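# Descriptive structure summary
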Amino acid sequence: GVARLADRFFDVGLTGTRLQSRIPLPREFENPLPIPPVLRPVRRDSDTDYYRVVQMPASVEILPGSRTEIWGYNGMFPGPTIRATSGRKVVVTHQNRLPIPTVVHLHGGKTPPEHDGYPTDLVLPSGQSHIHQLEGHSLRVIGHGEYSYEYPNQQPAATLWYHDHRMDFTGPQVYRGLAGFYLLTDDQERSLPLPSEDRDIPLMICDRSFDEDGSLMYPSVDPSLMGQPGVVNEYMDGVLGDVILVNGVPWPYMNVSRVRYRFRVLNASNARRYRLVLDPPPPEGYSFTQIGSDVGLLESPVRLHKLEIAPAERYDLIVDFSAYQSGDVITLRNELGNGKTALVMQFRVSGKADEYSQIPSRLSEIERLAASDALVRRRFVFARGVARNSSHTSVAPVAMWTINGQPFDPMRIDADVELGATEIWRITTNVHHPVHLHLAHFQVLSRNGGPPGPYDAGWKDTVDMGQGDTVEILARFDGYKGKYVFHCHNLEHEDMAMMGNIRVS
Ligand code: C2O
Ligand code: CU
């Protein structure tokens, strides 16, 4: 059952499959990379910047010559970039002019619970006064037409992002375009001689597929089919598109000078993982120098031949194009794709420019958490399971994605945590799952009994887990009391109930 999103605003969002566009795909590397515009505050006072965002449908040209209806923050995909400074508050008033309820999560933010985008906290469309009855009773309306999210920004410089988080519908709503960057800086970061301004480039990478009329394609399963043999497997593994977009443009190119650039790479795909590499690689063989992880700068730079990146992860990278010659053309490839999904974007190297940047050997001070800091240990198994009477099922038991055998229940607490505590979570996965915690930032303590992997450095909020992996993380639950979620960030897995509750008190 592949249907257009427009046909399913209110159906049960349990969906996913490998999609094939029904429209001729554009040639690669024909359009320049756009940079999402930085949003201007509508007002500032002594300690706060105030923003307004309108969530609305818009018709945009993604594939040359055809129109695609997106749902965008200010009608844009990606949404506008918000730039914030540690210690200075940000208030974003989101107005909902979409035909569906929404809720915004600042991914990687330490945010009070009422502003964190809890999946059943809903902002109804302007003019809508009730929620469709299909959606159960645990929902809470936090806004009629709009809501002001407050972000204290009491955390170090990091590449954060904001996106929709509505229960059961995060996959289709993000797929439609509800995602943007939120770049947090601080004095420490600003004191470093890193590439900046037009050499500090956010890259939002995601995959989509398009129907013959240019509309976004997203699979849909009729709720009345749920639980019938053969139906479930079609959408179980997540949605994979066949068009790779960077900042909303298919396979773009970027002109670069022979100097260092900073790329803040975000994998905003619903389910696709990438292994990125420069082709040809620089003479030394290392494509990237990593300087930051999900939620902050590393202590010292790490050189990477390749970068494996799962949904929701961010890697802050430096690429030094002075290792190339003027006229060189370099492809950013995805070793986990094939055919066109093996291509991401292209860099065209032109002349030499003034080089002012350096990669300092010391980037930041990271407090190393130790196993002895943790008084509580928990175990979580992320795997398939069966849901009987969850909010997701109006019919017979269905296969779903579960944590410790249980599908998400907004009313059940899965981890009761003390404010300020550090805990060891031992997480095991049956297949690939990027596991994300709200509120808590963490460090990877071990991977499959050994040391952390090559991509585990620094403070993280999402850990990429492979088939049969066991990872131990040291998570610190500081910030605020309240109820937060943790979940798989394969958005179809999340929508199919692979989510739990943390209560911090
Ligand atoms: Cu990026 Cu709970 O989300
Ligand atoms: Cu998953």
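The rules behind each value
Residues numbered from 1 in each chain as written. Chains lettered and ligands numbered in written order. Predicted model: local features only at pLDDT ≥ 70, side-chain atom pairs only at ≥ 80, totals over all residues. UniProt positions renumbered as here; feature names shortened; annotations may be inferred. Core = buried A, V, L, I, M, F, W, Y, C linked by C-beta atoms within 7 Å. Buried ≥ 20, exposed ≤ 12 C-beta atoms within 10 Å, placed from the backbone. Contact = placed C-beta atoms within 7 Å. Domains from an automatic or database assignment. Nonpolar A, V, L, I, M, F, W, Y, C, P; charged D, E, K, R; others polar. Helix = DSSP H or I, 4+ residues; strand = E, 2+ residues; numbered from the N terminus. Pairing = 2+ DSSP bridges. pLDDT = per-residue confidence, 0-100. Axes fitted to C-alpha atoms, helices over the stretch in contact; angles between N-to-C directions.

Per an unreviewed UniProt entry, the chain carries the name Multicopper oxidase CueO and comes from Thermobaculum terrenum. Database annotation for the chain, UniProt heading Catalytic activity (unreviewed entry): "4 Cu(+) + O2 + 4 H(+) = 4 Cu(2+) + 2 H2O".

## Notes on the nonpolar core
Grouped together as the largest cluster of nonpolar side chains are 84 residues, with contacts concentrated most on Trp-161, Tyr-182, Met-204, Ile-205, Val-246 and Val-265. Discounting chain neighbours no more than four positions away, the residues touching Val-246 are Leu-33, Leu-203, Met-204, Ile-205, Pro-252, Val-344 and Met-345. Formed by 36 residues, the second largest nonpolar core is a distinct cluster that contains Trp-401, Ile-403, Ile-424 and Met-496.

## Let's talk about the domain arrangement of the chain
By a frequent convention, interface size equals the accessible area lost on bringing the separate parts together. Under the domain assignment, the chain is made up of domain 1 (27–186), domain 2 (206–349) and domain 3 (371–504). Between the C-alpha centres of domain 1 and domain 3 there is a distance of 24 Å. Across the boundary between the two partners, domain 1 contributes 15 residues, which contact 17 residues of domain 3. For the side of domain 1 that touches domain 3, the class distribution of residues is 6 nonpolar, 6 polar and 3 charged.

## A look at unusual backbone geometry
For the bond from Phe-77 to Pro-78, the omega torsion is -5°, close enough to zero to count as cis. Turning to its location among the elements, Pro-78 is positioned in the loop between strand S4 (68–73) and strand S5 (82–85). The omega torsion across Asp-279 and Pro-280 is 0°, close enough to zero to call that bond cis. Here the phi dihedral of Asn-74 falls at roughly 55°; this positive angle occurs in a residue that is not glycine. Turning to its location among the elements, Asn-74 is positioned in the loop between S4 and S5.

## Observations concerning the pairing of strand S15 (residues 243–246)
Burial along S15 is two-sided: the residues Val-243 and Leu-245 and Ile-244 and Val-246 are all buried. Counted along the chain from S15 to the antiparallel partner strand S16 (residues 249–250), the turn is 2 residues long, and its residue Asn-247 has a positive phi close to 50°.

## Some remarks on the confidence of the model for the chain
A residue-level look at the chain finds 89% of positions with pLDDT of 70 or above and a mean pLDDT of 90. Note on residues 1–16: pLDDT under 50 across the span, and 54 contacts to partners over four residues away in sequence or across chains. Contacts for the low-pLDDT stretch residues 229–234, under 50 throughout, to residues beyond four places or in other chains number 8 contacts. The ipTM, which scores confidence in the relative placement of chains, is 0.99 for this predicted complex, and the corresponding pTM is 0.93.

## Quick look at the environment of Leu-298
Along the polypeptide, Leu-298 turns up in strand S21 (residues 296–304). Classification of Leu-298 as partly exposed rests on a count of 19 C-beta atoms within 10 Å. Taking the C-alpha atoms as reference, Leu-298 lies 27 Å from Arg-379; in sequence the two are 81 residues apart. Beyond its immediate stretch of four places on either side in the chain, Leu-298 contacts Gln-290, Ile-291, Gly-292, Ser-293, Leu-363, Ala-457 and Gly-458.

## Regarding the sheet that holds strand S25 (residues 343–349)
The 5 strands lie next to each other as S17-S25-S24-S19-S22, forming an open sheet whose pairing is mixed. On the outer flanks of this sheet lie strand S17 (253–256) and strand S22 (307–309), each paired with one strand and no other. Across the sheet, the mean angle separating the axes of adjacent strands is 25° when strand polarity is ignored. Direction of pairing for S17 relative to S25: parallel, over a ladder of 4 bridges. Paired with Tyr-253 across the strands is Gln-346, a residue of S25.

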